[in-house]
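Single-letter residue listing:
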Amino acid sequence: MLINMEQMLAIAQENKFAVGAYNISNLELARIVIEQCEADNAPAIIEVHPTEVFYCKDDFFAYILQRIKNSQIPFVLHLDHGDNLDSVARAIHNGFSSVMIDGSLLSWDENVDITRKTVEMCHRVGVSVEGELGTIGQTGRAVEDGLKNGIYTKPDDAKQFVEETGVDTLAVGIGTAHGIYPKNVTPEIRIDILKDIVSQVEVPLVLHGGSSNPDGQIAEAVKNGISKVNISSDFKHAFFNKVREVLANDEGWDPNNLFPVCIEEGKKVVHHKNQLFDALGKAPLYKKLSPWRAEFL
């Protein structure tokens, strides 16, 4: 069942669990997320970065939409880190039920302006909008960028930003970074800042850079108000490590021989994340919802 982010996270927030948001860009990664979340009876968010949209092309999403609309599990199809209104429009055209507009590296006024414009466009067709305030470094960079250049979200600013933009969800900077952390680095999620933001903001909160963080910190963040956790590197890392292992021992190039065991490795990570977010078995909470569809005004 396809729903939008507002529907998805309202129930997660009320029941104090988080929904995993998994980045995909091909059939194998999509299968990992969809099939494992169905096995876990767990709601899930399938998200795609603009560079991933460019890679897998628009027609790919016709399959994804058909697959998740026919599932008994609630799914959101979400644009991750939309970089401009054109990428948002493309996502709407492709049937996405939710988008993120990332103006976190812009000035306050520029971030508010582009986020408000995105909300105005998306809400006309029932598409949810995620904004970001505070930063965790740029996507596609070494994790050190996020640790060095990340900016913590100020609770008062978060309240004002939500009020001025009308976003449905807010990604906050509380100490994470994109990617896999070096072995000598242990990140620290600032639960104290998270608690202060929760006291000021009513919309569901999002944690970007969820991969490679200590499980205890993620669980504590979920317990204290995070409703969506973004995961990309962790399950892709497991998948591609297995690809390398298989290819190192087998010269065959048939996908039927290569990918099945790799998919299973990715699924183990997704299952662990769903368990960590307390999302296992939560799909029945969405039974009363009607499937989402874009409604043009």
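Keep in mind that what you see is a predicted model, and the values were worked out from it rather than measured.

1. As for the pairing of strand 3 (residues 75-82)
Moving on, step 1. Judged by how many residues are buried, strand 3 sits mostly within the fold: eight of eight residues are covered.
Moving on, step 2. In terms of strand pairing, strand 2 (residues 44-48) meets strand 3 through five bridges, oriented parallel. Residue pairing in the sheet places Ile45 in a bridge with Val76 of strand 3.
Moving on, step 3. Note that strand 3 and strand 4 (residues 98-101) share three bridges and pair parallel.

2. Observations regarding the packing of helix 5 (residues 85-93) against helix 6 (residues 108-123)
Moving on, step 1. Where helix 5 contacts helix 6, the axes come no closer than 11 Å and their chain directions differ by 20°. Taken together, the axis directions place helix 5 and helix 6 in an arrangement best described as roughly parallel. Handedness of the crossing formed by helix 5 with helix 6: right-handed. Residues Leu85, Val88, Ala89 and Ile92 of helix 5 form the contact with helix 6, whose participating residues are Ile114, Lys117, Thr118, Met121 and Cys122.
Moving on, step 2. Counted by class, the contact of helix 5 with helix 6 contains seven nonpolar, one polar and one charged residues.

3. Brief notes about the UniProt feature "binding site: Zn(2+) 1" (unreviewed entry) in the protein
Moving on, step 1. The UniProt record annotates "binding site: Zn(2+) 1" (unreviewed entry) at His81, His178 and His208.
Moving on, step 2. Along the chain, His81 turns up in strand 3.

4. Topic: the side chain of Ser227
Moving on, step 1. With respect to the helices and strands, the residue Ser227 is situated in strand 8 (residues 226-231).
Moving on, step 2. Setting aside residues up to four positions removed in sequence, Ser227 forms contacts with Leu9, Ala12, Gln13, Phe17, Ala18, Val19, Pro204 and Leu205.

5. Remarks on helix 11 (residues 233-249)
Moving on, step 1. Here helix 11 spans 24 Å end to end across 17 residues, near enough to the 24 Å set by a 1.5 Å rise per residue.
Moving on, step 2. If you check which residues of helix 11 are buried, you get Asp234, Phe235, Lys236, Ala238, Phe239, Lys242, Val243 and Val246.
Moving on, step 3. Of the surrounding secondary structure, the elements contacted by the buried residues of helix 11 are strand 1 (19-23), helix 2 (27-40), helix 3 (50-56), strand 8 and helix 12 (255-276).

6. A few points about helix 4 (residues 60-69)
Moving on, step 1. Among the residues of helix 4, Phe60, Phe61, Ile64, Leu65 and Ile68 are the ones counted as buried. One side of helix 4 holds all its buried residues, which, seen down the axis, span an arc of 125°. Residues of helix 4 that are exposed and point more than 90 degrees away from the buried face comprise Ala62 and Gln66.
Moving on, step 2. Structurally, helix 4 contributes buried residues whose contacts are with helix 2, strand 2, helix 3 and strand 3.

7. Structural notes on the sheet that holds strand 7 (residues 205-207)
Moving on, step 1. Taken in spatial order, the eight strands close into a barrel running 1-2-3-4-5-6-7-8, and their pairing is parallel. In this sheet, adjacent strand axes meet at a mean angle of 25° when their direction is disregarded.
Moving on, step 2. Inspection of the sheet shows strand 7 paired to strand 8 by three bridges, in the parallel sense. Along strand 8, the bridge assignment pairs Leu207 with Val229.

8. Remarks on the packing of aromatic side chains
Moving on, step 1. Overall, the coordinates contain six aromatic pairs when judged by the stated rule.
Moving on, step 2. When the centroid spacing of 5.9 Å and the interplanar angle of 85° are considered together, the rings of Tyr22 and Phe235 count as edge-to-face. Residue Tyr22 is found in strand 1, and its partner Phe235 is found in helix 11; the two are separated by 213 residues along the sequence. Residues Tyr22 and Phe235 agree in their burial class; the two are buried.

9. Overview of the environment of Lys117
Moving on, step 1. Residue position: Lys117 is located in helix 6.
Moving on, step 2. In sequence terms Lys117 and Thr165 are 48 residues apart; their C-alpha atoms lie 8.3 Å from each other.

10. Quick notes on the side chain of Glu132
Moving on, step 1. Along the chain, the position of Glu132 falls in strand 5 (residues 128-133).
Moving on, step 2. Despite being buried, Glu132 has no salt bridge partner; Lys228 is the closest side chain of opposite charge, sitting 8.9 Å away.

11. A few points about the confidence of the model for the protein
Moving on, step 1. For the protein, mean pLDDT is 90; residues scoring 70 or higher make up 88% of the total.
Moving on, step 2. Within the model, the stretch residues 138-149 combines pLDDT values under 50 with 21 contacts to residues more than four positions away or in other chains.

12. Let's talk about the environment of Ala221
Moving on, step 1. Within the secondary structure, Ala221 is located in helix 10 (residues 215-223).
Moving on, step 2. Note: C-alpha distance between Ala221 and Phe277 (56 residues apart in sequence) is 9.5 Å.
Moving on, step 3. Not counting residues within four places of it along the chain, the set of residues in contact with Ala221 comprises Ile189, Ile191, Leu194 and Ile226.

Cut-offs and rules
- Residues numbered from 1 in each chain as written.
- Predicted model: local features only at pLDDT ≥ 70, side-chain atom pairs only at ≥ 80, totals over all residues.
- Heavy atoms only, no water.
- Buried < 20%, exposed > 50% of the residue type's maximum accessible area, 1.4 Å probe, protein only.
- Helix = DSSP H or I, 4+ residues; strand = E, 2+ residues; numbered from the N terminus.
- Pairing = 2+ DSSP bridges.
- Axes fitted to C-alpha atoms, helices over the stretch in contact; angles between N-to-C directions.
- Parallel < 35°, antiparallel > 145°, perpendicular 65-115°, else oblique.
- Left-handed = near helix turned anticlockwise from the far one by under 90°.
- Contact = heavy atoms within 4.5 Å.
- Nonpolar A, V, L, I, M, F, W, Y, C, P; charged D, E, K, R; others polar.
- UniProt positions renumbered as here; feature names shortened; annotations may be inferred.
- Expected span 1.5 Å × (residues − 1).
- Arc of directions from axis to C-beta.
- Phe/Tyr/Trp six-rings, centres within 6.5 Å; stacked < 30°, edge-to-face > 60°.
- Lys, Arg positive; Asp, Glu negative; His and termini not counted.
- Salt bridge = Lys/Arg side-chain N within 4 Å of Asp/Glu carboxyl O.
- pLDDT = per-residue confidence, 0-100.

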